Amino acid sequence: ASTISGSTDRQNGGFRWYGSIPSFEFSVGGLYQGGTFQDQSNGTRRPVRAYAFNTIAGYRDPTSRWHPFLGVQADIYSGGNADSRSGAIGTYIAPFNPQTNYLDTTTYFAPSNLVSISPVLRTTPLPYISVQFKAPFLWRETTRDELYSPSGRYAFSLPGGGHYIGAVPQASLTWQIGRHLSWPQYGAHVFMSGRMPRAGGRGGSYYQSHFVFRV
């Protein structure tokens, strides 16, 4: 599929519903994108109709000193038709950079044409240490569209074929060193599906560490 250059003007409207019922916690949200896309080559204007849906729900044991949370996170980001030169644009584009560790700590996969389902385990073994484990399984929302990174569509093409992309098991640890200083660390490994290497994609390991100072 070729790339279409142009500019887009998008309006976002959505909701979020969250809360807890004794030991059960949940958060559900959705967002619809409307607007227009203007093709740079010929000035053609096309409507935008895209959406995102995010949810996480699970059980927390407030009586344990480890404060464990065990749940499931599910996310859907709409895709479009990479070969279409007319009609509505269906590929969702995040209106802001998502929280680094929310979807995929590696940020190799952008929230566009993506479906993600992941078990989630969080715990606070010490007052100043928090740990999270996730293992997102990823699919393309539609096989008519491609796979995206935060900077745009990947150069390799995945026309047709299956939806499944792979899995990204990951962990994060945050040490609250002091009142104003914390040390988050993230690690992950990308396991690609069998057809991804044939298309030009490769798995790999990821580690990030940085200090955060807040006044």
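Up top is the structure these notes are about.
Note that the structure is a prediction, hence the values are computed from the model and not measured.

Rules used in this analysis
- Residues numbered from 1 in each chain as written.
- Predicted model: local features only at pLDDT ≥ 70, side-chain atom pairs only at ≥ 80, totals over all residues.
- Heavy atoms only, no water.
- Salt bridge = Lys/Arg side-chain N within 4 Å of Asp/Glu carboxyl O.
- Helix = DSSP H or I, 4+ residues; strand = E, 2+ residues; numbered from the N terminus.
- Pairing = 2+ DSSP bridges.
- Core = buried A, V, L, I, M, F, W, Y, C linked by side-chain atoms within 4.5 Å.
- Buried < 20%, exposed > 50% of the residue type's maximum accessible area, 1.4 Å probe, protein only.
- Contact = heavy atoms within 4.5 Å.
- Lys, Arg positive; Asp, Glu negative; His and termini not counted.
- Polar contact = N/O pair within 3.5 Å; in protein donor to acceptor, adjacent residues only side chain to side chain.
- Phe/Tyr/Trp six-rings, centres within 6.5 Å; stacked < 30°, edge-to-face > 60°.

Draft legend 1. The pattern of salt bridges, seen in detail. Overall, the coordinates contain 1 salt bridge when judged by the stated rule. Arg60 is paired through a salt bridge with Glu25; the nearest N and O atoms lie 2.6 Å apart. On the criterion of sequence distance, the pair formed by Arg60 in strand 4 (residues 50–60) and Glu25 in strand 2 (residues 24–39) is long-range, its members being 35 residues apart.

Draft legend 2. Summary view of the pairing of strand 6 (residues 114–126). The pairing of strand 5 (residues 69–77) with strand 6 spans 9 bridges and is classified as antiparallel. Among the inter-strand pairings, Asp75 is bridged to a residue of strand 6, identified as Ser116. Pairing of strand 6 with strand 8 (residues 137–139) involves 3 bridges; the strand directions are antiparallel. Pairing of Val115 across the sheet is with Trp139, part of strand 8.

Draft legend 3. Expanded view of the nonpolar core. Membership of the largest hydrophobic core comes to 16 residues, with the highest contact counts inside it found for Phe109, Leu114, Leu147 and Ile165. Going through the elements one at a time, strand 4 and strand 13 (181–192) are the ones with two or more residues in this core. Setting aside residues no more than four positions away along its own chain, Ile165 makes contact with Phe109, Leu114, Leu138, Trp139, Arg140, Leu147, Phe191, Met192, Ser193 and Met196.

Draft legend 4. Representation of the side chain of Lys134 within the structure. With respect to the element layout, Lys134 can be found in strand 7 (residues 129–134). Summary of buried charges: Lys134 has no salt-bridge partner, and the nearest side chain of opposite charge, Asp75, is 6.3 Å away. In this view, Lys134 contacts Gln73, Asn101, Tyr102, Leu103, Ser118, Pro119, Val120, Val168, Pro169 and Gln170; residues no more than four positions away in its chain are not counted.

Draft legend 5. Representation of unusual backbone geometry in the model. Of note in the backbone geometry, His67 takes a positive phi value of approximately 45 degrees without being a glycine. Notably, Thr107 is not glycine yet its phi reads approximately 60 degrees, a positive angle. On the secondary structure map, Thr107 appears in the loop between strand 5 and strand 6.

Draft legend 6. Quick peek at the side chain of Ser78. Looking at the secondary structure, you find Ser78 in the loop between strand 5 and strand 6. A polar side-chain atom of Ser78 sits 2.7 Å from the main-chain carbonyl oxygen of Gly90. Beyond its immediate chain neighbours, meaning those up to four positions away, Ser78 contacts Ala50, Tyr51, Gly90, Thr91, Tyr92, Ser112, Asn113 and Glu141.

Draft legend 7. Expanded view of the environment of Ala88. In this fold, Ala88 is placed in the loop between strand 5 and strand 6. Residue classification places Ala88 among the partly exposed residues on the basis of a relative accessible area of 34%. Separated by 19 residues in the primary sequence, Ala88 and Thr107 place their C-alpha atoms 27 Å from one another. Among all residues touching Ala88, those that are not within four sequence positions of it are Arg46, Pro47 and Arg49.

Draft legend 8. Representation of the packing of aromatic side chains in the model. Applying the stated rule across the entire model yields 7 aromatic pairs. Note on Trp139 and Tyr164: the rings are 5.7 Å apart at their centroids and 55 degrees apart in plane angle, and the pair reads as tilted. One end of the pair, Trp139, is in strand 8; the other, Tyr164, is in strand 11 (residues 164–167), with 25 residues separating them in the sequence. Taking the relative accessible area as the measure of exposure, Tyr164 reaches 33% and is therefore partly exposed.

Nothing here speaks to function; it is all geometry.
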